[in-house]
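The residues making up each chain are set out below.
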Amino acid sequence: MKGLFISLEGPDGCGKSTQIAFMKSSLESRGYDVIVTREPGGTVISEQIRQVILDKNNMAMQDTTELLLYAAARAQLVGEVIKPAVEAGKVVICDRFVDSSAVYQGIARGLGVDTVYEVNAYALQNMMPDITFFLDMPAAEGIRRKNNQHDLDRMELQKAAFHEKVVEGYRQLAQTQKERIVTIDAMKSIEEIRIEIEERLIPLLKQPK
Ligand code: TYD
């Protein structure tokens, strides 16, 4: 039986990790086998690629290199973790997936959304999320929250205008794929967001194996 593939998206600092932890424990308490993973990363090889991508010393990185590195990290994660887990009937929750590339590289970097999906077709092996939650938060608020937590990485250090484009990009993308991408107002309280996500998720669940 095919499992369920869920992704979370949003600007840096929008609170995905907190909600992922809630989703995991809620699904596990209902008897589902849940795998939580993240992009870029989630496998030994993808985590190594992540270090190259986010290294503050790599400011000279070409946009196309960036796009291909994210796609390479994704190819490994899909093949090693996501596809086998979903095919085994598990629930996979992924912190970011190909929509991050559509928005950050396609829209904010300007490489084009279609180009991004085309390049990523190699990496995806037809795996697309069944549902995607977009946590919509003003860019400045997300960066402020991140800045309180740790030193900013290469992507977080991009100029404010870049992060504005990311948020705008997500809003555009969510409009064009309404059947899959659910927009959640991430300025609401953690508890309100948790309930909204759960209400959308429960109807998609099949009986646990
Ligand atoms: P991460 O620390 O995981 O950020 P967050 O906690 O906000 O999810 O770093 C991932 C960064 O990489 C983040 O700035 C978004 C960016 N990114 C892309 O630009 N393209 C992609 O395809 C992915 C997956 C992430």
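Right, let's walk through the structure included here. Just so we're clear, the structure is a prediction, and the values are computed from it rather than from any experiment.

Quick notes on the site of the ligand
- The environment of the ligand is made up of 18 residues, and the closest members are Asp12, Lys16, Tyr70, Ser101 and Lys146.
- A distance of 2.9 Å separates an oxygen atom of the ligand from a polar atom in the side chain of Arg74.
- One nitrogen or oxygen atom from the side chain of Lys146 is found 2.7 Å from an oxygen atom belonging to the ligand.
- Here the ligand loses 94% of its free accessible area of 540 Å² to cover by the protein chains.

Let's talk about the pattern of salt bridges
- Under the definition given, this model contains 20 salt bridges.
- With its nearest N and O atoms 3.3 Å apart, the salt bridge here joins Glu168 to Arg171. Residue Glu168 and its partner Arg171 are both found in helix H7 (residues 160-176); the two are separated by 3 residues, about one turn of the helix.
- Of the residues examined, Arg171 reaches a relative accessible area of 33% and is grouped as partly exposed.
- The salt bridge involving Arg194 is made with Glu191; its shortest N-O contact spans 2.8 Å. Separated by 3 residues within a single helix, Arg194 and Glu191 lie in helix H8 (residues 190-201), roughly one turn from each other.
- Residues joined in a network through salt bridges with shared partners are Arg30, Glu191, Arg194 and Glu198.

As for the nonpolar core
- Ile6, Met23, Leu27, Val91, Ile93, Phe133 and Leu201 are the most contacted members of the largest nonpolar core, which has 22 residues in total.
- Ile6 has contacts with Met23, Leu27, Val91, Val92, Ile93, Cys94, Ile131, Phe133 and Leu201, leaving out every residue within four places of it along the chain.
- If you look at the next biggest cluster of nonpolar residues, it comprises 19 residues, including Ile49, Ile53, Val116 and Ala174.

Examining the packing of helix H4 (residues 98-108) against helix H5 (residues 113-124)
- Between H4 and H5, the shortest axis-to-axis distance is 9 Å and the interhelical angle comes to 140°. As H4 packs across H5, the resulting crossing turns out to be right-handed. For the pair H4 and H5, the contacting residues are Val98, Asp99, Ser101, Ala102, Gln105, Gly106 and Ile107 in the first and Val113, Val116, Tyr117, Asn120 and Leu124 in the second.
- Split by residue class, the contact of H4 with H5 holds 7 nonpolar, 4 polar and 1 charged.

Points about H8
- Taking 1.5 Å of rise per residue, 12 residues should cover 16 Å, and H8 covers 16 Å from first to last C-alpha, within 8% of that figure.
- For H8, every residue scored as buried is listed here: Ile193, Ile197 and Leu201. Buried residues of H8, seen end-on, are gathered within an arc of 65° and therefore sit on one face of the element.
- Residues of H8 that are buried sit in contact with strand E1 (4-9), helix H1 (16-29), strand E4 (131-136) and strand E5 (181-185).

Thresholds, definitions, all that
Along each chain, the written sequence defines residue order, and numbers are assigned to residues from 1. Given that the model is predicted, a residue must reach a pLDDT of at least 70 before its local features are reported, and side-chain atom pairs must reach 80 or more before they are shown or counted; all residues, however, enter totals for whole chains, interfaces and linings. Note that the side-chain values use all heavy atoms of the structure and ignore hydrogens as well as water. What makes a residue near a molecule or strand is one non-hydrogen atom of that residue sitting within 4 Å of it. Polar contact is the term for a pair of N or O atoms within 3.5 Å; when the atoms are in protein, one must be able to donate a hydrogen and the other to accept it, and sequence-neighboring residues count only if both atoms are side-chain atoms. Reported accessibility uses the Shrake-Rupley method at a 1.4 Å probe radius. Residues are deemed covered only where the shown protein chains occlude them. The term salt bridge refers to a side-chain nitrogen of Lys or Arg lying within 4 Å of a carboxyl oxygen of Asp or Glu. Secondary structure counts use DSSP, requiring at least four H or I residues in a row for a helix and at least two E residues in a row for a strand, with both numbered from the N terminus. Each residue gets one of three labels from its accessible area relative to the maximum for its type: buried under 20%, exposed over 50%, partly exposed in between, using a 1.4 Å probe on protein chains only. Residues grouped as a nonpolar core are buried Ala, Val, Leu, Ile, Met, Phe, Trp, Tyr and Cys residues, joined through side-chain atoms within 4.5 Å. Note on contacts: a residue pair is in contact if any heavy atoms of the two residues lie within 4.5 Å. Fitted lines through C-alpha atoms serve as axes, helices being fitted only where they are in contact, and the angles separating the N-to-C directions of these axes extend from 0 to 180 degrees. Here is the rule for handedness: rotate from the far helix to the near one, and if that takes an anticlockwise turn smaller than a right angle the crossing is left-handed, while a clockwise turn gives right-handed. For this classification, the nonpolar set comprises Ala, Val, Leu, Ile, Met, Phe, Trp, Tyr, Cys and Pro, the charged set comprises Asp, Glu, Lys and Arg, and every other residue, Gly included, is treated as polar. Expected span of a helix, by definition, is 1.5 Å for each gap between consecutive residues, and there is one gap fewer than residues. Think of it as the arc spanned by the lines of direction from the helix axis to the C-beta atoms.

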